[in-house]
Each structure stands twice: as C-alpha cells, then as structure tokens.
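Working through the structure, step by step
One-letter residues, chain by chain:
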Amino acid sequence: MAEAGNDLKIAGSGTVAGGRFNRVAIAGQGDVDGDLDCVELKITGCADVRGHLVGRTVKITGSADMEKDVKADEVRVMGTLTCHGKITATKMTVRGSADVAGGVAAQEIEVSGVLTTKGDCEAESFAATGVVTIGGMLNAGNIDIKPHHGGCRAGEVGGEKISIGPGAPGGLHRILRLFQTPARFTTGTVEGDDIHLEHTRAKTVRGNNVVIGPGCEIELVEYRDTFDCDRGATVKEHKKTSC
Amino acid sequence: MEPDLISKKDLLETAGISYGQLYRWKRKNLIPEEWFIRKSTFTGQETFFPREKILARIDRIKNMKEGLSLDDLADMFSPSPADLVLTKEQVKEQNIVSEVALDLFLQQYPGLPVFSFARVLYLYVLEKTLQSGGVSLDEGKIVLRLLEDHYRAFEGRNCELIFLRKLGISTGLLVASPGEVRFEPGAHVTARVSLANCIEELKTKLVKGGI
C-alpha cells in the first residue's frame with residue numbers, strides 16, 4: 001500500500017499495466033493487466049484486473065472481474081464482483097453481488113446482497129440478510145444469518161455463536177409471505193457452542209446449547225448442556241453427549 | 001479406523017474444549033488446515049485429526065494462551081520464518097545449538113555478522129541432525145548447502161529434510177510435506193526432520209529466551 005504515488009483515472013476506455021498508485025478510479029471501461037497496489041480503488045464502471053490486487057479500500061459500484069487474490073482493509077461491493085482468487089480483508093460488505101472462487105477471510109463480513117463462493121468463508125463476525133451460498137465451510141465466531149427468499153446454503157457451519165433465523169421483512173413482504181414458504185438454510189453439519197436454528201435443513205447439529213426452532217429438518221442433534229425443540233420442527237434423533 | 005487418528009468428538013472430550021474454541025483456533029491458523037482429515041463413516045462425513053500432533057498442539061495452546069495473544073501464538077506455529085535477526089553472541093547465549101554445530105556453520109559462512117531467522121533455523125536443523133547421530137560433521141555441510149540453496153522454495157509450506165546413505169555414499173533431500181516418499185531397501189534414512197516442527201521449537205526457545 002503505497003502512500004506516495006500518482007493517482008490513476010480511467011474515464012473512457014483504457015488499459016494500464018498495473019503498478020503502485022495512490023488513488024485509482026475506473027469509471028469507463030478499464031483493464032489492469034498486472035498487479036495493482038493502491039490506497040483506494042473505486043470502480044464505478046467496468047474493470048478487469050488481471051493481477052493481484054492490494055489496497056486499503058476497494059469500492060465497487062460498477063462491475064469488476066479480478067483474476068487473482070485480493071487483499072484489502074475494506075472491500076465494499078455494491079455492484080458486481082467476480083473474483084477468481086481469494087479475498088482477504090478486515091471488513092467485507094456485499095450489497096450487490098459477489099462471486100469469489102477462492103473463498104473469503106475477513107474480520108467482519110456483512111452481506112445484504114448475494115455472496116457466492118466455492119471455497120470457505122472465515123470471519124470473526126458474519127452477518128447476512130441476503131442470499132449466501134458457500135460451497136465449503138462457514139467458520140465464524142458470531143454467525144447471524146437471516147436468509148432472504150431463495151434460500152441460503154453452506155457445506156458446513158462452525159463457530160461459537162450461531163443463529164440462523166427467518167428473514168424479518170415488514171409490510172408487504174409479511175403479507176406476501178402468507179403465500180410463500182419461508183427462506184431456508186441448507187447445510188450438512190452445524191457445530192458450535194450456542195446454536196439457534198429456524199427453517200434450517202441439516203444432517204447433524206452439534207453444540208453445547210442447541211435450540212431448534214420452527215421449520216427445521218434435522219437428522220441428528222447432539223448436545224452437551226441444553227436442548228430445546230419447537231413443535232414445528234422435525235428432529236429425527238437427539239442425544240446428550242459428554243462433549 | 002487408523003489408530004493414530006482421533007475423531008473430532010473424541011478430541012473435544014479428551015482435550016476438554018468446545019466446538020467454538022476449535023473453530024476459533026482454526027480461524028487463527030493455530031491448527032493447520034491439513035490436520036482436518038475428512039472421512040466417510042457410517043454416520044456420514046466425519047472429521048479426524050492426527051492424534052498426537054493435535055493433542056500436543058492443543059496442550060500448548062492452552063498452556064501458552066495466558067501469556068500470549070492468539071496472534072502471537074499463530075506466529076509461533078506458522079511455518080513461515082519470523083522476522084528477526086540474531087548476533088553470533090545471542091545465538092551462543094540462547095543455547096540453541098552446540099559449539100560444534102556453530103563452528104561448522106561459521107566455517108561455511110565465515111565473517112557472517114548477524115544471523116537471519118532462516119540462518120538460525122538452518123543452524124538448528126544442522127544441530128538436530130548432528131545430535132541424532134544420523135549425519136556426520138562432514139555430511140553436515142551437505143545439509144547446510146541443501147537448506148541454503150533450496151529451503152526458500154518452500155516458503156510458507158512445510159517440508160521435511162531427509163538424509164540418506166547407501167553403500168557409504170550420502171545425500172540429502174527436501175520434500176514438501178504432507179507428501180509421501182518411498183525408498184528402495186538398500187537405502188538407509190539416517191535422519192528425517194520436519195522443518196515446521198523445528199521452526200516451532202526454535203520459536204518457542206527464542207520466546208522463552210526473551211527475544
């Protein structure tokens with residue numbers, strides 16, 4: 001992250017080789033052919049970055065295609081981002097749509113749009129009200145997912161505090177909801193300390209304190225301390241274990 | 001099931017930790033990804049761990065997390081070298097290596113004013129192989145040369161040093177780990193050292209020594 005450096009602006013259509021910059025703004029159609037190292041990157045147009053991207057803040061309101069890994073303090077996606085590598089950030093916010101092939105690792109991940117990854121997702125705090133599809137494992141200290149219609153899925157979920165609940169849209173949505181089934185969360189295994197699930201389909205749930213709410217379909221629950229199951233949930237088998 | 005693996009459930013019970021702790025440590029890279037071994041069992045997919053390694057690691061995390069932050073611990077367990085430089089005197093004081101190994105090292109690199117972490121590591125590996133008796137003083141030079149020339153290629157990954165002897169001829173190799181190597185029956189593996197273990201031991205010694 002070079003402090004000293006020139007600014008780069010692509011307003012029409014342009015190609016740069018890459019390099020170190022202070023501020024980079026791409027408003028038209030911009031291609032970066034190599035590695036890009038900058039303090040601030042703003043993409044309001046359409047951009048292809050073919051090298052690695054290192055930056056302090058990366059803001060995408062347009063559309064961006066990144067071929068390699070992205071490392072930044074803050075990544076905000078309001079438009080569309082396709083990343084073929086891995087994203088490492090302190091904070092990642094997705095309000096638009098982000099498809100990250102290599103997975104995401106951040107302190108904080110907030111999704112109100114669409115986040116798709118084939119890899120794993122790691123964070124201290126993971127909050128989603130949008131649509132999340134994680135091929136690998138979702139591992140976070142605090143997980144709070146309120147799936148939007150369409151449903152969310154993850155290969156596995158692990159963490160300390162895990163809460164998966166129904167999305168809570170007010171007004172018109174509430175009336176519309178009478179005619180549609182609530183959004184589901186589908187996963188293989190959920191493992192954590194305190195687990196609260198609603199409208200979730202999972203094979204196995206393991207934790208210290210487990211609360212299974214309405215609309216859940218769980219094959220096996222293993223709990224250490226407490227277990228509570230709503231009448232509107234289906235749990236095939238539950239047992240208390242010593243761990 | 002292989003006896004040297006432990007299931008996740010048994011691990012939590014034996015070590016007395018919760019799922020949350022295990023996942024947090026994994027996130028902080030205190031437990032390497034390759035130790036999570038997924039296997040299909042009759043209850044579905046289960047995760048297993050190499051028993052001795054994981055129990056030892058958890059024991060150390062639990063003992064050391066009082067004094068050090070999780071990030072410091074992660075640095076210690078990481079297979080990447082630390083950023084530090086020692087002087088010859090410091091290396092001596094720390095009692096990391098014997099005189100013999102240090103002398104041999106200095107013979108190879110006369111006039112080296114300071115030791116980077118990588119160099120200290122090479123020295124430590126040399127010491128270990130010499131101590132094990134599998135490598136003679138003369139062969140120690142081969143070990144040093146090998147590390148000096150090729151260890152950098154394994155940056156951030158674990159690798160193993162294997163020393164072989166056959167019909168009185170000796171040679172050494174660096175192999176990425178986890179990986180598998182097979183030897184023909186006439187060859188004797190005289191020393192085999194995991195570099196990640198060495199880094200961890202070395203970092204622990206340096207931390208204890210106040211560096």
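Residues numbered from 1 in each chain as written. Chains lettered and ligands numbered in written order. Predicted model: local features only at pLDDT ≥ 70, side-chain atom pairs only at ≥ 80, totals over all residues. Heavy atoms only, no water.

1. Focus: the overall build of chain B
- Within chain B one finds nine helices and eight strands.
- Referenced to the eigenvectors of the C-alpha coordinate spread, the extents of chain B come out at roughly 60 × 45 × 25 Å.
- By residue count, 46% of the 211 residues in chain B fall in the buried class.
- Taking as baseline every contact in chain B between residues at least 6 positions apart, the subset at least 24 positions apart corresponds to 63%.
- For chain B, the exposed area adds up to about 11,000 Å²; of that, 50% sits on carbon and sulfur atoms. (Helix = DSSP H or I, 4+ residues; strand = E, 2+ residues; numbered from the N terminus. Buried < 20%, exposed > 50% of the residue type's maximum accessible area, 1.4 Å probe, protein only. Contact = heavy atoms within 4.5 Å. Areas by Shrake-Rupley, 256 points an atom, 1.4 Å probe, with all protein chains shown as cover.)

2. A word on unusual backbone geometry
All names here are of chain B.
- If you check the backbone angles, Asn 29 has positive phi at about 60 degrees while not being a glycine.
- Turning to its location among the elements, Asn 29 is positioned in the loop between helix H2 (19-27) and strand E2 (37-41).
- Although it is not a glycine, Leu 167 sits at a positive phi angle of roughly 50 degrees.
- Here Leu 167 shows up in the loop between strand E6 (159-166) and strand E7 (169-176).

3. What about the interface of chain B and chain A?
- At the junction of the two partners, chain B supplies 16 residues and chain A supplies 21 residues.
- Between chain B and chain A, roughly 1,700 Å² of surface is buried when both sides are summed, and carbon and sulfur atoms account for 41% of that area.
- Looking only at chain B, the three residues that lose the most surface to chain A are B:Tyr19, B:Tyr23 and B:Arg27, adding up to 41% of its buried area.
- Linking chain B with chain A are six salt bridges, by the criterion used here.
- The salt bridge involving B:Arg27 is made with A:Glu160; its shortest N-O contact spans 3.2 Å.
- Summed over the shared surface of chain B and chain A, the result is 12 residue pairs in polar contact (both at pLDDT 80 or more).
- When contributions to the side of chain B that touches chain A are tallied by element, the ones reaching two or more residues are helix H1 (8-15) and H2 of chain B.
- Broken down by element, the side of chain B that touches chain A gets its largest block of residues, seven residues, from H2(B).
- Here the side of chain B that touches chain A is composed, by residue class, of four nonpolar, three polar and nine charged. (Buried area = accessible area lost by both parts, 1.4 Å probe. Salt bridge = Lys/Arg side-chain N within 4 Å of Asp/Glu carboxyl O. Polar contact = N/O pair within 3.5 Å; in protein donor to acceptor, adjacent residues only side chain to side chain. Nonpolar A, V, L, I, M, F, W, Y, C, P; charged D, E, K, R; others polar.)

4. With respect to the domain arrangement of chain A
All names here are of chain A.
- Segmentation of chain A into domains returns domain 1 (1-107) and domain 2 (120-243).
- Between domain 1 and domain 2, the contact holds five residues from the first and six residues from the second.
- A combined buried area of about 380 Å² lies between domain 1 and domain 2, and 39% of that area is made up of carbon and sulfur atoms.
- On the domain 1 side of the contact with domain 2, Val 104, Ala 106 and Gln 107 bury the most area, a combined 79% of that side's loss.
- On inspection of domain 1 and its partner domain 2, the count reaches zero salt bridges.
- Applying the counting criterion to the domain 1 and domain 2 interface returns five residue pairs in polar contact (both at pLDDT 80 or more).
- Its residues assigned to classes, the side of domain 1 that touches domain 2 comprises three nonpolar, two polar and no charged. (Domains from an automatic or database assignment.)

5. Quick word on helix H3 (residues 51-64) of chain B
Residues and elements named next belong to chain B.
- In this model, H3 (14 residues) spans 20 Å end to end at C-alpha, consistent with the 20 Å of a helix rising 1.5 Å per residue.
- Taken as a whole, H3 has its buried residues at Ile 54, Arg 57, Ile 58, Ile 61 and Met 64. Buried residues in H3, looked at end-on, bunch into an arc of 145 degrees, giving them a common side. More than 90 degrees from the buried face of H3, the exposed residues found are Glu 52 and Asn 63. (Expected span 1.5 Å × (residues − 1). Arc of directions from axis to C-beta.)

6. Thoughts on the sheet that holds strand E8 (residues 188-194) of chain B
Residue and element names in this part refer to chain B.
- Reading across the sheet, the three strands line up as E7-E6-E8 and stay open at both edges, with antiparallel pairing between neighbours. Each edge of the open sheet carries a strand with a single partner, namely E7 and E8. Strand-to-strand twist of the sheet, defined as the mean angle between neighbouring strand axes without regard to direction, takes the value 15 degrees.
- Here E6 runs beside E8; their pairing, made up of six bridges, is antiparallel. The partner of Phe 163 across the bridge, within E8, is Ala 191.
- Sitting on the sheet, helix H7 (residues 117-132) is in contact with E6 and E8, with an inclination near 145 degrees to E8.
- On the sheet, helix H8 (residues 137-150) packs against E6 and E7 and is oriented at approximately 30 degrees with respect to E7. (Pairing = 2+ DSSP bridges. Axes fitted to C-alpha atoms, helices over the stretch in contact; angles between N-to-C directions.)

7. Topic: the pattern of salt bridges
- Per the stated rule, a full pass over the model turns up 30 salt bridges over all chains.
- Salt-bridge contacts for A:Glu160 lead to B:Arg24; the nearest nitrogen and oxygen are separated by 2.8 Å. Taken as a pair, A:Glu160 in strand E17 (residues 152-164) and B:Arg24 in helix H2 lie in two separate chains rather than in one.
- Owing to a relative accessible area of 15%, A:Glu160 belongs among the buried residues under this scheme.
- Where salt bridges share partners, they join A:Glu191, A:Arg206, A:Glu222, A:Lys239, B:Lys8 and B:Lys9 into one cluster.

8. Observations regarding the nonpolar core
- If you look at the biggest cluster of nonpolar residues, it comprises 64 residues, and the most contacted ones within it are A:Met66, A:Leu115 and A:Phe126.
- Shared between two domains, this core takes at least three residues from each, and those domains are domain 1 (1-107) and domain 2 (120-243) of chain A.
- With residues up to four places along the chain from it excluded, the contact list for A:Phe126 reads A:Ile109, A:Leu115, A:Cys121, A:Val132, A:Ile134, A:Leu138, A:Ala140, A:Asn142, A:Ile143, A:Asp144 and A:Ile145.
- Grouped together as the second largest cluster of nonpolar side chains are 40 residues, B:Leu121, B:Leu126, B:Val143 and B:Ala191 included. (Core = buried A, V, L, I, M, F, W, Y, C linked by side-chain atoms within 4.5 Å.)

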